[in-house]
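# Coordinate analysis (summary)
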Amino acid sequence: MNTPAELRCRAQDLENRVPPVTAGPRTDDERMWLEKAAALRAEADKLDKLDKLDKTGQ
């Protein structure tokens, strides 16, 4: 299983592949990378929340 930090690192790597908006319209691949990055960040946030709940015993 990946840690939240690893997931965020993978998300950042995907986001770094995408050129700035000023470079022109996004390609299908670029949109896919950004969507995947958002999903990875959401998963990392979910894991952080679960970890926090486990530590507090709630």
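Below is a summary of the structure that appears in this document. (Residues numbered from 1 in each chain as written. Predicted model: local features only at pLDDT ≥ 70, side-chain atom pairs only at ≥ 80, totals over all residues. Heavy atoms only, no water.)

## As for the overall build of the protein
Broken down by element type, the protein carries two helices and zero strands. In terms of overall dimensions, the protein has a C-alpha envelope of 50 × 15 × 15 Å along the principal axes. Here the protein, with 58 residues, has 17% of them falling under the buried criterion. When contacts within the protein are restricted to residue pairs at least 6 apart in sequence, long-range pairs at least 24 apart make up 58% of them. Taken as a whole, the protein presents about 4,500 Å² of accessible surface, with 55% of it coming from carbon and sulfur. Of note, the protein has its 11 positive side-chain charges centred 3 Å away from the centre of its 12 negative side-chain charges. (Helix = DSSP H or I, 4+ residues; strand = E, 2+ residues; numbered from the N terminus. Buried < 20%, exposed > 50% of the residue type's maximum accessible area, 1.4 Å probe, protein only. Contact = heavy atoms within 4.5 Å. Areas by Shrake-Rupley, 256 points an atom, 1.4 Å probe, with all protein chains shown as cover. Lys, Arg positive; Asp, Glu negative; His and termini not counted. Charge placed at Lys NZ, Arg CZ, Asp CG, Glu CD.)

## Digging into the pattern of salt bridges
This model, assessed by the stated rule, comprises five salt bridges. The shortest N-O distance in the salt bridge between Asp-51 and Lys-55 comes to 3.4 Å. Taken together, the positions of Asp-51 and Lys-55, both in helix α2 (residues 28-56) and four residues apart, correspond to about one turn of that helix. The exposure class of Asp-51 is partly exposed, given its relative accessible area of 37%. Residues joined by salt bridges that share partners form a network here, namely Arg-8, Asp-45 and Asp-48. (Salt bridge = Lys/Arg side-chain N within 4 Å of Asp/Glu carboxyl O.)

## Side note on α2
Residues spaced three or four apart along an α-helix point in a common direction, a consequence of the helix completing one turn every 3.6 residues. Its 29 residues place the ends of α2 42 Å apart at the C-alpha level, agreeing with the 42 Å of an ideal helix rising 1.5 Å per residue. Along its buried surface, α2 packs onto α1 (4-16). (Expected span 1.5 Å × (residues − 1).)

## Re the packing of α1 against α2
Remark: α1 packs on α2, axes separated minimally by 8 Å, with the N-to-C direction vectors making an angle of 165°. The orientation of α1 with respect to α2, classified from their angle, is roughly antiparallel. For the pair α1 and α2, the sense of crossing is left-handed. For the pair α1 and α2, the contacting residues are Pro-4, Leu-7, Arg-8, Arg-10, Ala-11, Gln-12, Leu-14 and Glu-15 in the first and Trp-33, Leu-34, Lys-36, Ala-37, Leu-40, Arg-41, Glu-43, Ala-44, Asp-45, Leu-47 and Asp-48 in the second. Classifying every residue of the contact of α1 with α2 by side-chain character gives ten nonpolar, one polar and eight charged. (Axes fitted to C-alpha atoms, helices over the stretch in contact; angles between N-to-C directions. Parallel < 35°, antiparallel > 145°, perpendicular 65-115°, else oblique. Left-handed = near helix turned anticlockwise from the far one by under 90°. Nonpolar A, V, L, I, M, F, W, Y, C, P; charged D, E, K, R; others polar.)

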